[in-house]
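What follows is the residue order along each chain.
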Amino acid sequence: MRNSPSKTYARPEDGARPFEMDSLLKLEHVRCNLCGADDAQLIFPGTLHEVQKGDWEPFQCTYPGYGHHLPVVQCQQCGLRYTNPRFTEAEILARYEDVEDPTYLEQLPGRLLTFGMRLRHLERFTGPPAGRKLLDIGAHVGGCVRAANARGWDAYGLEPGRWAVATARRGGLDVRQGTLQTNPPAPESLDVVTLWDVIEHYIDPLHEARDCAQVLKPGGWLVVHTMDCEALLARLMGKRWPWLMEMHMHYFSRRTLAALLEAAGFEVKHIFAEGRFIRLDYLITRIAAFSPPLAAVGQKLIEALGLGERAIKINTGDLITVYARKPE
Ligand SMILES: [Zn+2]
């Protein structure tokens, strides 16, 4: 199991120099993606001290570097929280293309359970699969595509990461390398577009949502799953909220995400907290990232009980799924 990458990062308490990265990597100042204002207040100072160019480890799905992030600000006009300054678009895309994440494969059984649950929920709103077209953007190794096909959807995925695409295709799944911009579907050709844990990574989520609207049929659904930075757990944990991470460019609330999707032309129909299945042995590695003693106790317990491979459903209330419909 991968540990926190101490070689490229130092925490302030280690006596490192204050936040200073420009010599290592070019960062850019950005305006609010939702309202366009340049009127943001710093809410969580950056905790990264060194970043190596092209270092893709922090961009893995399973990266355990909680607490390492660039400065997070809040727009004083509309309330959107975002990373500012941040990496350039070219740097981010290059990292996603290069990222490899074998740890993810160990978690695939839990993720397939999660996708099965999410798709059951999804079909309550979208209606039955019946060969209808579903595109999963940021498909990674194809967990959603596999689960959706098994349920009767005509599903395929788009994914920038070369390793993930190769892994998905070896498994016989239709996952294509690229993004909505480099590999666009025909206009108004899709019934459902899903973005599972993806929108927070985008540098221009408003543009991406508008592109999703273009490729959906009238009456089609955009389904977005992301963190809710105004959930109770997030407010209680403050700067220790584990989703403050280097790879996250935006931190939505129910309100700011709904506003963004409406600005992209969607009607927001449902928003709810949605949990996930997680294997107990994987959960322990997550806990170890911020409390090694607690993780050690947990590890002994699940070993004693032989429960490492057991998946349990967890809903901490700070992960939400939004269903938005393109008008008929
Ligand atoms: Zn704003």
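The text that follows walks through the structure, step by step, so that each part is easy to find.

Calculation notes
- Residues numbered from 1 in each chain as written.
- Predicted model: local features only at pLDDT ≥ 70, side-chain atom pairs only at ≥ 80, totals over all residues.
- Heavy atoms only, no water.
- Helix = DSSP H or I, 4+ residues; strand = E, 2+ residues; numbered from the N terminus.
- Buried < 20%, exposed > 50% of the residue type's maximum accessible area, 1.4 Å probe, protein only.
- Contact = heavy atoms within 4.5 Å.
- Polar contact = N/O pair within 3.5 Å; in protein donor to acceptor, adjacent residues only side chain to side chain.
- Donors = N, O, S within 2.8 Å, 3.2 Å for Na, K, Ca; no water.
- Tetrahedral: all angles 85-135°; square planar, octahedral: opposite > 155°, others 65-115°.
- Pairing = 2+ DSSP bridges.
- Axes fitted to C-alpha atoms, helices over the stretch in contact; angles between N-to-C directions.

1. Things to note about the environment of D154
Part 1 of the argument: Position of D154 among the secondary structure elements: in strand β7 (residues 154–159).
Part 2 of the argument: By relative accessible area, which is 35% here, D154 ends up partly exposed.
Part 3 of the argument: Spatially, the C-alpha atom of D154 lies 8.6 Å from that of L135, the residues being 19 residues apart in sequence.
Part 4 of the argument: Once you skip the residues sitting within four places of it in the chain, D154 turns out to touch G131, R132, K133, L134 and N149.
Part 5 of the argument: Within the structure, the side chain of D154 is placed 2.9 Å from the side chain of K133, a separation counted as a polar contact.

2. Some words on the coordination of the zinc ion
Part 1 of the argument: On the protein side, the zinc ion has C32 (SG), C35 (SG), C75 (SG) and C78 (SG) as donor atoms, found 2.3 Å from it.
Part 2 of the argument: For the zinc ion, the four donor atoms in the first shell make angles of 98 to 117 degrees at the metal, a pattern classed as tetrahedral.
Part 3 of the argument: One chain supplies every donor for the zinc ion, spaced along it as C-x2-C-x39-C-x2-C.
Part 4 of the argument: Taking the relative accessible area as the measure of exposure, C75 reaches 3% and is therefore buried.

3. Quick look at the sheet that holds strand β3 (residues 72–75)
Part 1 of the argument: What the four strands build is an open sheet, ordered β2-β3-β4-β11; its pairing is antiparallel. Looking at the sheet topology across the chains shown, the edges are occupied by β2 (40–44) and β11 (250–251).
Part 2 of the argument: Relative to strand β4 (residues 81–83), β3 runs antiparallel, the two being bridged by three bridges. Bridge assignment links Q74 to a residue of β4, and that residue is R81.

4. Some remarks on the sheet that holds strand β15 (residues 319–325)
Part 1 of the argument: What the seven strands build is an open sheet, ordered β8-β7-β6-β9-β10-β15-β12; its pairing is mixed. Because the sheet does not close on itself, it has two edges, and the strands there are β8 (175–177) and β12 (267–273). When strand polarity is set aside, the average angle formed by the axes of neighbouring strands in this sheet is 20 degrees.
Part 2 of the argument: Here strand β6 (residues 133–137) pairs with β7 via five bridges, running parallel. Bridge pairing in β7 places L134 opposite A155.
Part 3 of the argument: Contacting β6, β7, β8 and β9 (190–196), helix α4 (residues 143–150) runs over the sheet at an angle of about 175 degrees to β7.
Part 4 of the argument: Each of β7 and β8 touches helix α5 (residues 162–170); the most contacted strand, β8, lies at about 150 degrees to it.

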